Amino acid sequence: MIETSRLRLRRLVLEDAWRIEELASDYELAKTTSNVPHPYPKGGAKDFIKKVGEKEKKGEIILLSVIEKSSTQLIGLINININLTHNRGELGYWIGVPYWGKGYGTEAAKALLTYGFEETGLNRIYAAAYTINPASWKVMEKIGLEREGVLKQHLARAGTYYDVVYYGMTRDEYYERS
């Protein structure tokens, strides 16, 4: 478990499934991601949690529930997909729509970035967002990731191709700034 001033980041449990489905079912959230389906399938979160557990056992992912301390509610998910061969990880996150604009994404991302470098020993952490989703790439900037470039029409969602902006940081850069 990782704690910040307002958040608790903890491992997923099956009891999180209903809340994940509730928040992830919002089209406004789903349209900003490349992997949250819309409509979100009933029962899909339980399958998702089980698959994550299998990947965790192999060391391929760190995926945590973002819990608001004041309400004890799950408000989002955050993860690092780990590439063991290259000792790097891709940071990903979503925060439920009712909690947007409160800095929770930045707070959670900063905490997991620290964990990824200091506890997991990753050499590089990077993240990507649709260029039309400035809220997401602003989180990346706020936690110190540097813009590395844009891949044009890199991802397709619902028949539309989207440009994707990438941000990243190496372990050396992280420690130089700490």
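Just so we're clear, the structure is a prediction, and the values are computed from it rather than from any experiment. (Residues numbered from 1 in each chain as written. Predicted model: local features only at pLDDT ≥ 70, side-chain atom pairs only at ≥ 80, totals over all residues. Heavy atoms only, no water.)

J.: Run through the overall build of the protein chain, naming residues and quoting values.
T.: The number of helices and strands found in the protein chain is six helices and eight strands. Along its sequence from the N terminus, the protein chain presents helices and strands in the succession β-β-α-α-α-β-β-β-α-β-α-β-β-α. Computed over C-alpha atoms, the radius of gyration of the protein chain comes to 16 Å, within 12% of the 16 Å expected from 2.2 N^0.38 for 178 residues, which places it in the range of a compact globule. Taking the contacts inside the protein chain whose residues are at least 6 apart along the sequence as the reference set, 60% of them involve residues at least 24 apart. (Helix = DSSP H or I, 4+ residues; strand = E, 2+ residues; numbered from the N terminus. Rg over C-alpha atoms; globule rule 2.2 N^0.38 Å. Contact = heavy atoms within 4.5 Å.)

J.: For the pattern of salt bridges, give the residues involved together with the corresponding values.
T.: Evaluation of the coordinates by the stated rule reveals nine salt bridges. Arg11 is the salt-bridge partner of Glu56, the closest N and O atoms lying 2.6 Å from each other. Separated by 45 residues along the polypeptide, Glu56 in helix H3 (residues 44-57) and Arg11 in strand S2 (residues 7-11) bring together distant segments of the chain. Taking the shortest distance from any N to any O, the salt bridge between Lys31 and Glu28 comes out at 3.1 Å. Residue Glu28 is classed as partly exposed on the basis of its relative accessible area of 34%. (Salt bridge = Lys/Arg side-chain N within 4 Å of Asp/Glu carboxyl O. Buried < 20%, exposed > 50% of the residue type's maximum accessible area, 1.4 Å probe, protein only.)

J.: Before we move on, could you go through the pairing of strand S5 (residues 88-95) and cite the residues and values that matter?
T.: Taken across its eight residues, S5 has six buried, putting it largely inside the fold. In this sheet, S5 lies alongside strand S4 (residues 73-83) in antiparallel orientation, the contact comprising eight bridges. When the sheet's bridge partners are listed, Ile82 is paired in S5 with Gly89. Adjacent in sequence and paired antiparallel, S4 and S5 are bridged by four residues, among which Asn87 carries a positive phi angle near 50°. In this sheet, strand S6 (residues 124-130) lies alongside S5 in parallel orientation, the contact comprising four bridges. Bridge pairing links Leu91 to Ala127 in S6. (Pairing = 2+ DSSP bridges.)

J.: Any chance you could break down the packing of aromatic side chains for me, citing the residues and the numbers?
T.: Aromatic rings considered in pairs are described by the distance between their centres and by the relative angle of their planes. Under the counting rule described, the total for this entry stands at five aromatic pairs. Taking the centre distance of 5.0 Å and the plane angle of 80° together, the rings of Tyr174 and Tyr175 count as edge-to-face. The exposure class assigned to Tyr175 is partly exposed, which follows from its relative accessible area of 42%. Each residue in the set Phe117, Tyr174 and Tyr175 is aromatic and connected to the rest through ring pairs, giving one cluster. (Phe/Tyr/Trp six-rings, centres within 6.5 Å; stacked < 30°, edge-to-face > 60°.)

J.: Summarise the nonpolar core; cite the residues concerned and give the values.
T.: Core analysis: the biggest nonpolar cluster contains 52 residues, and Ile20, Ile78 and Leu91 have the highest contact counts within it. Looking at which element gives the most residues to this core, the answer is helix H4 (residues 104-118), with seven residues. Contacts of Ile78, omitting those with residues within four sequence positions, involve Leu9, Ile62, Leu63, Leu64, Val66, Leu91, Gly92, Tyr93, Ala108, Ala109 and Leu112. (Core = buried A, V, L, I, M, F, W, Y, C linked by side-chain atoms within 4.5 Å.)

J.: Describe in detail helix H5 (residues 134-142), supporting the description with residues and values.
T.: Among the residues of H5, those classed as buried are Ser136, Trp137, Val139 and Met140. Along H5, the residues classed as buried sweep out an arc of 145° about the axis, all on the same side. Those residues of H5 that are exposed and aimed more than 90 degrees away from the buried face are Ala135 and Lys142. Against the buried residues of H5 lie S5, H4, S6 and strand S8 (160-170). Once H5 finishes, Gly144 follows within two positions and takes phi at roughly 100°, a positive value. (Arc of directions from axis to C-beta.)

J.: Give me the lowdown on helix H1 (residues 17-24), citing residues and values where you can.
T.: A turn of α-helix holds 3.6 residues, and therefore any two residues three or four places apart point the same way. Counted residue by residue, H1 has six buried out of eight residues, so it is predominantly covered. Turning to H1, its buried residues are Ala17, Arg19, Ile20, Glu21, Leu23 and Ala24.

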